[in-house]
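# Residue-level structural notes
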Amino acid sequence: MKLGIISDIHCNVHGLRLALEAMTSADEVLCLGDSINQSEFSNETIAALKARGAHLILGNHEEAFLSSTGTRTREGNEIDRALLAWLAGQPLRRTLKVAGKKVLMVHSTPWEPRGEYIFPHSPRLERFAESDADFVLYGHTHAQVVCHFGRVLVINPGSAGEACYDGNNWQLSCAVLDTVTSEVKRIGFPDPRHAEPA
């Protein structure tokens, strides 16, 4: 079973489409949150994720958008109410059983309080191994991570929408996990919004 992993799209539907094209070998697509911005909703982004049947969780941007502070933004006439309701129904974390393996999806950390930024060289990255899972997938930092801690493989695919970390040469990124071999293919690509005109 191959899992396509994306995170932190931040309304960049063009980056999302390139990521989905790059992950055509994936049997399932998992989105680790921040598909939108805290002050902006994207019908196109959410529609594309829903159409692909993505397993999605909420990140800190969705939490803010769906909270009382996002009330005025949610009243915008351009927002597709069915897509908004679908997004609002997604959980903050998700556990999947895939081919006999347990996959834990979180946006920032498996522990509370949520929201901490765990970068690739953080000593706190080892805490992910406390999770009862074979694979722990997280986003939030926009920085790619693939590392083992004991029996736990920790993966951060980087960001499919907003490159802001030089560890991936300032590219957008996603990843494909083979749950049988534990092989992770990292995929990087330029942000199409910043492409030089032909």
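Please refer to the structure higher up on the page.
Reference entry: report on the structure contained in this document. (Residues numbered from 1 in each chain as written. Predicted model: local features only at pLDDT ≥ 70, side-chain atom pairs only at ≥ 80, totals over all residues. Heavy atoms only, no water.)

## Describing the side chain of Ser131
Turning to its location among the elements, Ser131 is positioned in the loop between β5 (101–105) and β6 (135–137). Among the residues examined, Ser131 registers a relative accessible area of 11% and is labelled buried. Polar side-chain contacts of Ser131 include one of 3.1 Å to the backbone oxygen of Phe128. Beyond its immediate sequence surroundings of up to four residues, Ser131 is in contact with Leu104, Pro110, Val136 and Val152. (Helix = DSSP H or I, 4+ residues; strand = E, 2+ residues; numbered from the N terminus. Buried < 20%, exposed > 50% of the residue type's maximum accessible area, 1.4 Å probe, protein only. Polar contact = N/O pair within 3.5 Å; in protein donor to acceptor, adjacent residues only side chain to side chain. Contact = heavy atoms within 4.5 Å.)

## Some thoughts on the sheet that holds strand β3 (residues 55–56)
Read from one edge to the other, the open sheet built from five strands follows the order β3-β2-β1-β9-β10, with strand pairing classed as mixed. The open sheet has two edge strands with one neighbour each: β3 and β10 (184–189). For strand β1 (residues 2–6) and strand β9 (residues 172–178), the ladder comprises four bridges, and the chain directions are antiparallel. Bridge pairing in β9 places Lys2 opposite Asp178. (Pairing = 2+ DSSP bridges.)

## Some points on the packing of aromatic side chains
Within this structure, the stated rule accounts for four aromatic pairs. An aromatic cluster of at least three residues, connected via ring pairs, comprises Trp111, Phe128 and Tyr138. It is Arg127 that lies over the ring of Trp111; its NZ or CZ is 4.3 Å from the centre. (Phe/Tyr/Trp six-rings, centres within 6.5 Å; stacked < 30°, edge-to-face > 60°. Lys NZ or Arg CZ within 6 Å of the ring centre and 35° of its normal.)

## Details of helix α2 (residues 43–51)
Of the positions making up α2, those classed as buried are Thr45, Ile46, Ala48 and Leu49. Take α2 and look down its axis: the buried residues cluster within an arc of 160°, on one side only. Elements that come into contact with the buried residues of α2 comprise β1, α1 (13–22), β2 (28–31), β3 and α5 (81–88). Where α2 terminates, the next one or two residues include Gly53, which has phi positive at roughly 70°. (Arc of directions from axis to C-beta.)

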